[in-house]
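Structural overview
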Amino acid sequence: MDVHGTVAEGFEPVRDAFVRNFATLGERGAAVAVYREGQRVVDLWAGTKDVDGTAPWERGTAQVVRSATKGVAAAVLLLLHQRGQLDLDAPVGHYWPEFKARGKERVLVRHVLNHRAGLPVLDRPLTPEQALDPLRGPEAVAAQAPAWEPGTDHGYHALTYGWLADELVRRVTGQGAGAWLAAQITGPLGLDLWLGLPDAEAGRVGRAGRVEGPEPAGGLRSRPKRSVTAAYEDPASLTRRAFAAITPFPDQNDPAYRAAALPATNAIATADGLARFYATLIGDTAGAARLFTPETVALARAEESAGPDRVLVVGTRFGLGYMLHGSASPFLTPGSFGHPGRGGALGFADPETGIAFGYVTNGFRKTVTADPRAQGLVRAVRAVLGL
């Protein structure tokens, strides 16, 4: 396997781990980038651009990152709060009056970010065509009754998180989350990261698809414990219904899907774009001042929800919009915050070490929160730092 790119002195173990992913874990095409104190120390790519093709992955090849999108969308909401435009402790209905229906008057903005809103499912799932309409998802969530008393428990809002976040941004700014992100963050910073792929960038994005490989050690495995298996198999469970809020799920290689903005699932990024995004949240990078104040970083990674997750059926930890380091989703240290994408992608920041990490792939595994390829790379970074 020809691996392209560079690693800074001392970070060679990350390259070794990246090579192992191709040699032993069924990787087809992927890239990884790591920043330390705002400087890029790892920038690697290899394999094929398309999961089912032969054209090489090139510098600048991008992929859909699935639920790693949630960490990008969270930054939009937290920046609006940082700028005084969004009150985390205000009812969602203060900004979105139609949302108050069916017992949701006490759902707070905070509950959207910490997965305590009680709205992970839709009684009437959307079709793929409906899901791509920026009005239909928010309308469906506004008409939905909570599955539990908002604020009292947590459960992963796999798809509905995106419509909740998008409509809040639209009500506050007049723009959807994707447009605001492009205008305020990714455009000015020159990041290869999009929530709503422009036509001009479509040729850079590889085809993604399912791949098989050895079972991961940790997280939600391809052979999980019986309670998790039962939850995914039961059509009436919150687990099954949360991931079926769009039925059937759209083809992630469809140009229409990529061009839409679904802030829970369909951001498209290069590994460098995702890593530099997180690097700029926590510190200055070349030509760009940090985005989050220390107070906002504290909000992102302060534990808001922890314990058994009503949807994922394992213990999860969330701050405001971000997964936190834990057994279901290991990052670098207990102070890390970020978000995995189901089946592969991962982005996170670790303020104590100054590390920001981005990994993207065209091969989706059965893993939900802790893909073995990403975890091997994280362990290599941890070893480099002596953690």
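What you are looking at is a predicted structure, and each value in this text was computed from that prediction instead of being measured. The numbering scheme is per chain: residues are counted from 1 as the chain's sequence reads. Reporting in this predicted model follows two pLDDT cut-offs: at least 70 for local features of residues, and 80 or more for side-chain atom pairs to be given and counted; totals over whole chains, interfaces and linings ignore these cut-offs and use all residues. Excluded from the side-chain calculation are hydrogens and water; included are all heavy atoms of the structure.

Topic: helix H8 (residues 177-189)
Because the α-helix completes a turn every 3.6 residues, residues three or four places apart line up on one side. Inclusion rule: The angle separating two fitted axes, one through the seven residues that finish at a residue and one through the seven that start at it, defines the bend at that residue. Here a helix means four or more residues in a row that DSSP labels H or I, a strand means two or more in a row labelled E, and each is numbered from the N terminus. With a 1.4 Å probe rolled over the protein chains alone, any residue whose accessible area is under 20% of its type maximum counts as buried; one over 50% counts as exposed, and the rest are partly exposed. In what follows, residue pairs with any heavy atoms lying within 4.5 Å of each other are defined as contacts.
The largest bend along H8 reaches roughly 45° and is located at Ala183. By the burial criterion, the buried members of H8 are Ala177, Gly178, Trp180, Leu181, Ile185, Thr186 and Leu189. Elements that come into contact with the buried residues of H8 comprise helix H2 (69-82), helix H7 (160-173), strand S5 (193-194) and helix H12 (271-282). Remark: Gly190 follows H8 within two positions and exhibits a positive phi of approximately 65°.

Looking at the environment of Ala8
Along the chain, Ala8 turns up in the loop between strand S1 (3-7) and helix H1 (12-24). Taking the C-alpha atoms as reference points, Ala8 and Asp43, 35 residues apart in sequence, are found 9.1 Å from one another.

What about H1?
The condition is simple: Expected helix span is computed as 1.5 Å times (number of residues minus one). Note that the arc is computed from the directions linking the helix axis to the C-beta atoms.
Its 13 residues place the ends of H1 18 Å apart at the C-alpha level, agreeing with the 18 Å of an ideal helix rising 1.5 Å per residue. For H1, the full list of buried residues reads Val14, Ala17, Phe18, Asn21 and Phe22. Down the axis of H1, the buried side of the element spans an arc of 145°, and every buried residue falls inside it. Elements in contact with the buried residues of H1: S1, strand S2 (29-36), strand S3 (39-47) and helix H14 (372-385). Gly26 sits one or two residues past H1 and shows a positive phi near 75°.

Some remarks on the sheet that holds S5
Cut-off, in case you're wondering: Only strands joined by at least two bridges in the DSSP assignment are considered to pair.
With antiparallel pairing, 3 strands are arranged side by side in an open sheet as S4-S7-S5. This sheet does not close on itself; its edge strands, each paired only once, are strand S4 (63-64) and S5. Where S5 and strand S7 (residues 268-269) come together, 2 bridges link them in antiparallel fashion. For Trp194, the partnering residue across the bridge sits in S7 and is Ile268.

Some details on the packing of H1 against H14
The following threshold applies: Under this scheme, a helix contributes an axis fitted over its contacting stretch, all axes are lines through C-alpha atoms, and angles between N-to-C directions fall in the 0 to 180 degree range. Oblique is the label for every angle not falling under 35 degrees (roughly parallel), over 145 degrees (roughly antiparallel), or within 65 to 115 degrees (roughly perpendicular). Handedness of a crossing follows from how the near helix is turned relative to the far one, being left-handed for an anticlockwise turn of less than a right angle and right-handed for a clockwise one.
Where H1 meets H14, the axes come as close as 8 Å, and the angle between the chain directions of the two elements is 165°. On the basis of their axis angle, the class for H1 and H14 is roughly antiparallel. Here H1 and H14 pass one another in a crossing that is right-handed. On H14, the residues that touch Pro13, Val14, Ala17, Phe18 and Asn21 of H1 are Arg373, Gly376, Leu377, Ala380, Val381 and Val384.

Brief notes about the side chain of Thr61
Looking at the secondary structure, you find Thr61 in the loop between S3 and S4. Residue class for Thr61 comes out buried when judged on its relative accessible area of 6%. Other than its neighbours up to four places away in sequence, Thr61 contacts Lys49, Arg204 and Thr270.

A word on the confidence of the model for the protein chain
For clarity, the threshold we go by: Known as pLDDT, the predictor's confidence for each residue is given on a scale from 0 to 100.
In this model, the protein chain carries a mean pLDDT of 95, and residues with pLDDT of at least 70 account for 97%. Of the regions scoring below 50 in pLDDT, residues 216-223 engages in 20 contacts with residues more than four places distant in sequence or in other chains.

Considerations on the packing of aromatic side chains
When we look at a pair of aromatic rings, we describe it by the centre distance and by the angle of the planes. To keep things clear, this is the line we draw: Two rings from Phe, Tyr or Trp (for Trp, the six-membered ring) form a pair when their centres are within 6.5 Å of each other. A pair whose planes differ by under 30 degrees is stacked, one over 60 is edge-to-face, and the rest are tilted.
Summed over all chains, the structure comprises 12 aromatic pairs. Judged by centre distance (6.2 Å) and plane angle (15°), the rings of Tyr156 and Phe318 are stacked. Taken together, the residues span a long stretch of sequence, with Tyr156 in the loop between helix H6 (136-142) and H7 and Phe318 in strand S9 (residues 315-318) at a distance of 162 residues. The exposure classification of Tyr156 matches that of Phe318, with both residues buried. Plain terms: the ring middles of Phe277 and Tyr278 are 5.3 Å apart, the flat faces sit at 85° to each other, and that makes the pair edge-to-face. Given the relative accessible area of 0%, Tyr278 is considered buried. Through pairs of rings, three or more aromatic residues link up here, namely Tyr156, Tyr232, Phe243 and Phe318.

Quick notes on the nonpolar core
As a reminder of what qualifies: The set of buried Ala, Val, Leu, Ile, Met, Phe, Trp, Tyr and Cys residues whose side-chain atoms join them within 4.5 Å is what this entry labels a nonpolar core.
Grouped together as the largest cluster of nonpolar side chains are 118 residues, with contacts concentrated most on Leu281, Tyr322 and Phe337. No other element matches H2, which puts 9 residues into this core.

Section: unusual backbone geometry
Following Thr247, the chain continues to Pro248 via a peptide bond in cis, the omega torsion being -10°. Tracing the chain through its elements places Pro248 in the loop between helix H10 (238-243) and helix H11 (255-259). The phi dihedral of Arg102 falls on the positive side, at around 60°, and the residue is not glycine. On the secondary structure map, Arg102 appears in the loop between helix H3 (92-95) and helix H4 (109-113).

Some thoughts on empty space enclosed by the protein
Quick note on the threshold: Only protein atoms enter the 1 Å grid used here, on which a cavity is any set of points holding a 1.4 Å probe that cannot leave and a pocket is any open set flanked by protein within 12 Å on both sides along at least five of seven lines; residues with an atom within 4 Å of a point are listed as lining. Grid points are joined across faces, edges and corners, and a volume is the space filled by probe spheres set on the points. We call Asp, Glu, Lys and Arg charged. Ala, Val, Leu, Ile, Met, Phe, Trp, Tyr, Cys and Pro are nonpolar, and the rest, Gly among them, are polar.
Inspection of every chain in the model, using the stated rule, returns 3 cavities of 30 Å³ or more. Looking at the largest cavity, its volume works out to about 70 Å³. Lining the largest cavity we find Ser67, Tyr156, Phe243, Leu312, Met323, His339, Pro340, Gly341, Arg342, Val368 and Thr369. The class makeup of the residues in the lining of the largest cavity is 6 nonpolar, 4 polar and 1 charged.

Details of the pattern of salt bridges
For clarity, the cut-off: Basic side-chain nitrogens of Lys or Arg form a salt bridge, by our definition, when they fall within 4 Å of a carboxyl oxygen of Asp or Glu.
Under the defined criterion, the tally for this structure stands at 20 salt bridges. For Asp123, the salt bridge goes to Arg241, with nearest N and O atoms at 2.9 Å. Linking Asp123 in the loop between H4 and helix H5 (128-131) with Arg241 in helix H10, this pair joins segments that are 118 residues apart in sequence. Given the relative accessible area of 25%, Arg241 is considered partly exposed. The salt bridge partner of Asp153 is Arg310, with a shortest N-O separation of 2.9 Å. Here Asp153 is found in the loop between H6 and H7, whereas its partner Arg310 is found in the loop between strand S8 (305-308) and S9, with 157 residues between them in sequence. Residue classification places Arg310 among the partly exposed residues on the basis of a relative accessible area of 36%.

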